[in-house]
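Single-letter residue listing:
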Amino acid sequence: MNLILLGPPGSGKGTQSSRLAKEFKLAHISTGEILREAVRSKSYLGEKANHYIHTGQLVPDEVMIEIVQERLKALDCKEGFLLDGFPRTIHQAEMLEAFTRIHLVVALKVEEEECVQRLASRKTCPGCGLTYNPVNHPPKKENVCDQCGAVLILRGDDKPETVRERLKVYVKLTAPLIEYYQRTGRLEFVDGTLAPDKILQNLKNMLQSKILLWK
Ligand code: AP5
Ligand code: MG
């Protein structure tokens, strides 16, 4: 099963993808995480991507397409994968169609203001990528990841002005993907404003019913 989780910055893609990937034994591919790792390790890719990330702009399509095409060749993708943050433009989506099959695209619906509020207080785990929020999704122990015990960090692109820019970019370049996937009958919406556990349950129910249909 090859899935895409779509949604604006702060809609909960990372939160749901990590859990869903574990439940369904899918490779979780977060392009944002791949880029942040490249920035941390000061690789050539990281140096190229840093400026785009910190100004809220998209890294050029050609760079992203090559990264994902290579990543999908890995052994852990053979039984299925979950894309979190890719595709983000129509061109990326078209190229993705050329090299793999996508079974379903799930769009998380959350209003812009809620996304801004969530990102203003988000904490991220540098170890496993889980995300937390002291207001509505706190870790069990303050500042420590429930899953892997790493100390939580703040992301460099979560400043309010950068978040606004990321949301503008989402509306202009990524939101058109909703219609793109709707046209091929592979899009499902999920209410992203419920509690994370409830959303996960809804996603699991939906995927289980789809799997039965695909068999
Ligand atoms: P990326 O890392 O993909 O960031 P994003 O899409 O902006 O999304 P976020 O990771 O900020 O939010 P999320 O939807 O994962 O929400 P989360 O689960 O964390 O990309 C970063 C940058 O990399 C891009 O701006 C771009 O520069 C570059 N890039 C990446 N991919 C690219 C591509 N394909 N092409 C070009 N450039 C690319 O949740 C947010 C917060 O809300 C957390 O605090 C969480 O705990 C909380 N929360 C989650 N769910 C709930 C809930 N149900 N109720 C209450 N709180 C919740
Ligand atoms: Mg994320």
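See above for the structure.
Residues numbered from 1 in each chain as written. Chains lettered and ligands numbered in written order. Predicted model: local features only at pLDDT ≥ 70, side-chain atom pairs only at ≥ 80, totals over all residues. Heavy atoms only, no water.

Asker: What exactly am I supposed to notice about the site of ligand 1 here?
Answerer: In the vicinity of ligand 1 there are 36 residues, among which Thr15, Gln57, Arg88, Arg122 and Arg166 approach most closely. One of the backbone nitrogen or oxygen atoms of Gly14 is found 2.9 Å away from an oxygen atom of ligand 1. One of the side-chain N or O atoms of Arg36 is found 2.8 Å from an oxygen atom in ligand 1. In the complex, 97% of the free accessible area of ligand 1, which totals 1,000 Å², lies under the protein chains. Among the elements of the structure, helix H1 (13-24), helix H2 (31-40), helix H6 (112-120), strand E6 (131-132) and helix H9 (196-214) are those that each provide at least two residues to the shell around ligand 1. Broken down by element, the residue count for the shell around ligand 1 peaks at four residues, all from H2. Per-class residue counts for the shell around ligand 1 are 13 nonpolar, 15 polar and eight charged. (Near = heavy atom within 4 Å. Polar contact = N/O pair within 3.5 Å; in protein donor to acceptor, adjacent residues only side chain to side chain. Areas by Shrake-Rupley, 256 points an atom, 1.4 Å probe, with all protein chains shown as cover. Helix = DSSP H or I, 4+ residues; strand = E, 2+ residues; numbered from the N terminus. Nonpolar A, V, L, I, M, F, W, Y, C, P; charged D, E, K, R; others polar.)

Asker: Is there a simple way to explain helix H5 (residues 90-99) in this structure?
Answerer: In an α-helix, one turn spans 3.6 residues; hence positions three or four apart end up facing the same way. Along H5, the residues that are buried comprise Gln92, Ala93 and Leu96. Relative to the axis of H5, the buried residues are bounded by an arc of 100° and lie together on one face. On the buried face of H5, the contacting elements are strand E1 (2-6), helix H4 (61-71), strand E3 (81-84) and helix H8 (176-183). (Buried < 20%, exposed > 50% of the residue type's maximum accessible area, 1.4 Å probe, protein only. Arc of directions from axis to C-beta. Contact = heavy atoms within 4.5 Å.)

Asker: Help me understand the packing of helix H7 (residues 160-174) against H8, please; the structure alone is not making it clear to me.
Answerer: Think of two packed helices as two axes; the pair is described by the angle between the axes and how far apart they sit. Where H7 meets H8, the closest approach of the two axes is 6 Å, and the angle between their N-to-C directions is 35°. In this structure, H7 uses Tyr170, Val171, Lys172, Leu173 and Thr174 to contact H8, whose residues at the interface are Pro176, Leu177 and Ile178. Here the residues of the contact of H7 with H8 are counted per class, giving six nonpolar, one polar and one charged. (Axes fitted to C-alpha atoms, helices over the stretch in contact; angles between N-to-C directions.)

Asker: It is not clear to me how the environment of Val135 should be interpreted in this structure. Could you clarify?
Answerer: Mapping Val135 onto the fold places it in the loop between E6 and H7. Residue Val135 is classed as exposed on the basis of its relative accessible area, which comes to 67%. Sequence separation of Val135 and Arg118 is 17 residues, and the distance between their C-alpha atoms is 8.5 Å.

Asker: Whenever I open this one, the side chain of Lys210 confuses me. Can you help?
Answerer: Turning to its location among the elements, Lys210 is positioned in helix H9. For Lys210, a relative accessible area of 18% corresponds to the buried category. Engagement of the side chain of Lys210 in a polar contact is seen with the side chain of Glu188, the distance being 2.8 Å. With residues up to four places along the chain from it excluded, the contact list for Lys210 reads Leu104 and Glu188.

Asker: Looking at this model, I keep getting lost on empty space enclosed by the protein. Mind explaining?
Answerer: Taking a probe equal in size to a water molecule and rolling it over the atoms shows the remaining empty space. Applying the stated criterion across every chain yields a total of one cavity of 30 Å³ or more. Roughly 30 Å³ of internal volume is contained in the largest cavity. What lines the largest cavity is Glu33, Arg36, Arg40, Thr124, Cys125, Pro126, Ile153 and Arg155. Ranked by residue count, the leading element in the lining of the largest cavity is H2, at three residues. The residue inventory of the lining of the largest cavity, partitioned by class, reads three nonpolar, one polar and four charged. (1 Å grid on protein atoms, 1.4 Å probe; cavity = no way out; pocket = protein on both sides within 12 Å on 5 of 7 lines; lining within 4 Å. Points joined across faces, edges and corners; volume = space filled by probe spheres on them.)

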